[in-house]
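# What the coordinates show
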Amino acid sequence: MSMATSAAMLVGGADQVGLLERVSANMGTLCAGGEGSSPWRNEFGYLSPITGKSYDGSCSFFGGTPPLPEGLGWFLILGVGAAFAVLTSAATYFANLKSTAEEREYNNSEHFSTAGRSIPAFLTAADVVSKWTWAATLLQSSNVAYTYGISGPFWYASGATIQILLFAVLAIEIKIKCPAIHTMLEVVLARWGGQAHMVFLFFGLLTNLIVTSMLILGGAATVRALTGVPYEASAFLIPIGVVGYTAFGGLHGTYYASWTHTCIIYIALIIFIWTVYASSPELGSCAKVFANMNVAAIKNPVDGNSADGSYLTMASGGGLMFGLMNIVGNFGTVFVDQSYWQGAIACRPNATYKGYMLGGMSWFAIPFSMATTLGLAGRALDLPITSSEAGAGLVPPAVATHLLGTGGSFLVALQLFLAVTSTANSEQLAVSSLFCYDVYKRYVNPDASGATLIFVSRCGILGWGIISGVASIVLNYLGISLGWMYMAMGILIGSAVAPIVMSLLWKGCTPNGAMGGAVGGLVCAIISWVVSAAGISGVVTVATLGGNWPLLIGNLFALITSPILAYCISAAEGFQDYEWKKMKKETGGYLVEADRMARLNPHGEESIEMMQIQLRRTWIVGGVMSVVLIIVWPLLTLPANPFTESYFTFWVALAFIWAHFAAFTTIVGPVLEYMEVYPFYNPTPDYEPSAKSNVSAAPAPANADGFYMPQPMMSMPMQQSMPMPMQMSSSMPMQQMSMPMQSMPMQSMPMQSM
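Residues numbered from 1 in each chain as written. Predicted model: local features only at pLDDT ≥ 70, side-chain atom pairs only at ≥ 80, totals over all residues. Heavy atoms only, no water.

Helix and strand counts for the protein stand at 27 helices and 0 strands. Once local pairs closer than 6 in sequence are excluded, the contacts in the protein between residues at least 24 apart make up 82%. (Helix = DSSP H or I, 4+ residues; strand = E, 2+ residues; numbered from the N terminus. Contact = heavy atoms within 4.5 Å.)

Turning our eyes to something else, we now look at the packing of aromatic side chains. Think of a pair of aromatic rings as described by two things: how far the centres are apart, and how the planes are tilted against each other in angle. By the definition in use, this model includes 36 aromatic pairs. Here the aromatic rings of F167 and F335 are separated by 5.5 Å at their centres, their planes lie at 80 degrees, and the arrangement is edge-to-face. Residue F167 is found in helix 8 (residues 151–177), and its partner F335 is found in helix 14 (residues 317–335); the two are separated by 168 residues along the sequence. Comparing F167 with F335 shows no difference in burial state: the two are buried. (Phe/Tyr/Trp six-rings, centres within 6.5 Å; stacked < 30°, edge-to-face > 60°. Buried < 20%, exposed > 50% of the residue type's maximum accessible area, 1.4 Å probe, protein only.)

Our focus in this paragraph is the packing of helix 10 (residues 194–227) against helix 19 (residues 450–477). One way to put it is that helix 10 packs onto helix 19 with a least axis distance of 8 Å and a crossing angle of 65 degrees. On the basis of the axis angle, helix 10 is roughly perpendicular to helix 19. Between helix 10 and helix 19 lies a crossing of right-handed hand. Contacts between helix 10 and helix 19 pair L205, N208, L209, T212, S213, I216, L217 and R224 from the former with W464, S468, G469, A471, S472, L475 and N476 from the latter. Of the residues in the contact of helix 10 with helix 19, the class split is 7 nonpolar, 7 polar and 1 charged. (Axes fitted to C-alpha atoms, helices over the stretch in contact; angles between N-to-C directions. Parallel < 35°, antiparallel > 145°, perpendicular 65-115°, else oblique. Left-handed = near helix turned anticlockwise from the far one by under 90°. Nonpolar A, V, L, I, M, F, W, Y, C, P; charged D, E, K, R; others polar.)

Under the definition given, this model contains 4 cavities of 30 Å³ or more. What the second largest cavity holds in volume is close to 60 Å³. What lines the second largest cavity is a set of 13 residues, and nearest its centre among them are G81, G241, Y245, F417 and T421. Where the lining of the second largest cavity is concerned, the elements lending two or more residues are helix 3 (70–98), helix 11 (231–279) and helix 18 (395–444). Looking at the lining of the second largest cavity element by element, the count peaks at 6 residues for helix 11. Considering only residue class, the lining of the second largest cavity consists of 9 nonpolar, 4 polar and no charged. (1 Å grid on protein atoms, 1.4 Å probe; cavity = no way out; pocket = protein on both sides within 12 Å on 5 of 7 lines; lining within 4 Å. Points joined across faces, edges and corners; volume = space filled by probe spheres on them.)

Under the counting rule described, the total for this entry stands at 7 salt bridges. With a closest N to O distance of 3.7 Å, E186 and R442 form a salt bridge. Of this pair, E186 sits in helix 9 (residues 184–192) while R442 sits in helix 18; the two residues are 256 residues apart in sequence, bridging distant segments of the chain. Classification of R442 as partly exposed rests on a relative accessible area of 22%. K299 is the salt-bridge partner of D382, the closest N and O atoms lying 2.9 Å from each other. (Salt bridge = Lys/Arg side-chain N within 4 Å of Asp/Glu carboxyl O.)

What follows is about the environment of V627. In this fold, V627 is placed in helix 26 (residues 608–637). What makes V627 partly exposed here is its relative accessible area of 40%. Separated by 465 residues in sequence, V627 and I162 have C-alpha atoms that sit 8.8 Å apart.

Moving on: unusual backbone geometry. Cis geometry is adopted by the peptide bond preceding P642, which originates at N641 and carries an omega value of 0 degrees. In this fold, P642 is placed in the loop between helix 26 and helix 27 (645–674). Positive phi, normally seen in glycine, also occurs at D382, with a value near 55 degrees. Within the secondary structure, D382 sits in the loop between helix 16 (352–380) and helix 17 (387–391). Overall, D382 belongs to the buried group, its relative accessible area being 8%.

The next thing to look at is the nonpolar core. Formed by 191 residues in total, the largest nonpolar core has its most connected members in F200, W341 and F648. Contacts of F648, omitting those with residues within four sequence positions, involve I150, Y277, C286, V289, F290, L312, L376 and F643. Counting 12 residues, the second largest nonpolar core, distinct from the first, contains I119, V243, L251 and L429. (Core = buried A, V, L, I, M, F, W, Y, C linked by side-chain atoms within 4.5 Å.)

For helix 9, a buried count of 9 out of 9 residues is recorded, marking the element as mostly surrounded by other parts of the structure. Listed as buried for helix 9 are M184, L185, E186, V187, V188, L189, A190, R191 and W192.

Over its 12 residues, helix 20 (residues 482–493) extends 17 Å from the first C-alpha to the last, a length consistent with the 16 Å expected when each residue adds 1.5 Å. Most of helix 20 is tucked away, with 11 of its 12 residues classed as buried. Of the residues making up helix 20, those classed as buried are L482, G483, W484, M485, Y486, M487, A488, M489, G490, I491 and I493. (Expected span 1.5 Å × (residues − 1).)

With that settled, consider the packing of helix 7 (residues 135–148) against helix 18. Running from N to C, helix 7 and helix 18 point in directions that differ by 140 degrees, and their axes come no closer than 8 Å. What the angle tells us is that helix 7 and helix 18 run oblique. Residue-level contacts link A135, L138, L139, S142, N143 and Y146 of helix 7 to V395, P396, P397, Q415, L416, A419 and V420 of helix 18. Here the contact of helix 7 with helix 18 is built from residues that sort into 10 nonpolar, 3 polar and no charged.

This is the structure we're talking about:
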């Protein structure tokens, strides 16, 4: 039986048999890219919604002509950006009006950088989704679906979900061992000293630079393709538009932005799912998509896929290789990214476990459902999408434009713009925190006040907005695409993952072991990457470095050699016997102003005993879910090779249900939480007045708009003529309290600056 006849039996119908025979006879008519006429033709006779003409003879989908007017692109960048800036700032303003007098008391620099360490579970989940939804999440996931078939969306989603589930372990360890920190580098400083602090400062900033550049790289390229707005203009205006509300509201403001952006991203996702699998006159059902995908496998079989190159199989060599690179590479962009540490610092102790578990599983739906919809539809519609367009992440806008016309183009552009800006604001605040606490306060002005630190943070936010725009333009001029950067990032930052994890999980790692593992792993990764590219292709270029095998080898060397080097160097030095109590004591001294949430409660569900229970639960649930996502689930799909129509329908139904569940969790959940509806809301337990040494000194009040306003020094209670607490008699209640003053270095005590 011929391949055409076999496929015809799957899709059924006499007309379909004739179509498959015609496709088989025209295997050489595939579009190879370029401009001008081509022998390529659409096998289903679909017409372009933009021109109303056939796709036959096309060499690319967009063909250099944007489907949307340029003015709409400027409106998207400037108008929509400004509207969301006003909306987010207003939400911050009214939230401060609603806050109690006690909450306003602590609205200081600590609140600006940590959101008061009081973010609840469902808002934490929405923030996790927002941070982890990059331009690549929407664009690159559909590209791998378009390239490898159904294995692409699965490996993209599962390979980047397990990092969030496992990072929840570190998030709870932060609450137990160092609840008063502002940045991940303060853990490194307390644990390994100044040299290690500088080394990991480099890796932290490099991670933020890569992530932010990728966001803008994909976002600006898509806005240019859809509207014609020059790349350079988009690259600067997208991050600059985020600066305003990020600098205005601090970390708390970014949570409101994350929620609003996540709402629209999920709404657009659900519209696409219903369109492709329910309402489209050209597709509109799982059966039709299934039939067209079998035709696509005849015309463009996937090299390395079983079942004669079928798109409907998990037995995909290319998909598996992508999955491995995705798993390895994404550890660095979570564990070494300050924005995730900042989110862990900001959430309430009893919200940590639930927030990260819900956030990780909700995020899974975005690449899985989005790519299963738009990525597969790109093949099912047989659109003339070139490899360069797919590599630039233009599969989703092409499919949305075909199905929904200019409305679809705008919806993808809006979805992408919000995905970029929702992550960009977190990255800007993350970098500003590193600059503020780990550069300015650590090495420039150790006695900086809270008001000064807020000013420095705002300057850092503005500066990073400009730097990230320049970096993305440089990458674009170098010919580096979104897909290339996404796969190469693990090589550059993956070696820092193991030492960062060891800083909280292994007391035996020495300072030299941590630095040697990070730097040595980076060197090994780059050497293996370049050597393998030269060995396979005979030459080292951007293109050969972007090959699957060199990227996989480099990513594996980064992640594997680092812990080996860290262990060997630590063993040679006799290991470090670090006491975790020392870390809590030292990091407690990093507080600049009062923050009652900068430690665990002595009792209740936010006590250390309950956090230990949550930690064990996180290890079990996170570990089991990780094994299921990357081992059990793929193995269970192998007998269905290729998918039958019923199995494909089940697969799509799973993506459909998961997307709606995730949308409810991240859109409705935070609202019900805000309205204090049980079981979405858990009341905050009572905390002692402050975790700062000068508990008798009330922080300066803040205006309702969230700006920190220091009052004249004469109004400070510490200047009043009163005996010092140490001089009080034993009957005074202050001596019965557990004061942290004795655990702080005397030079950091604010009383000496009076």
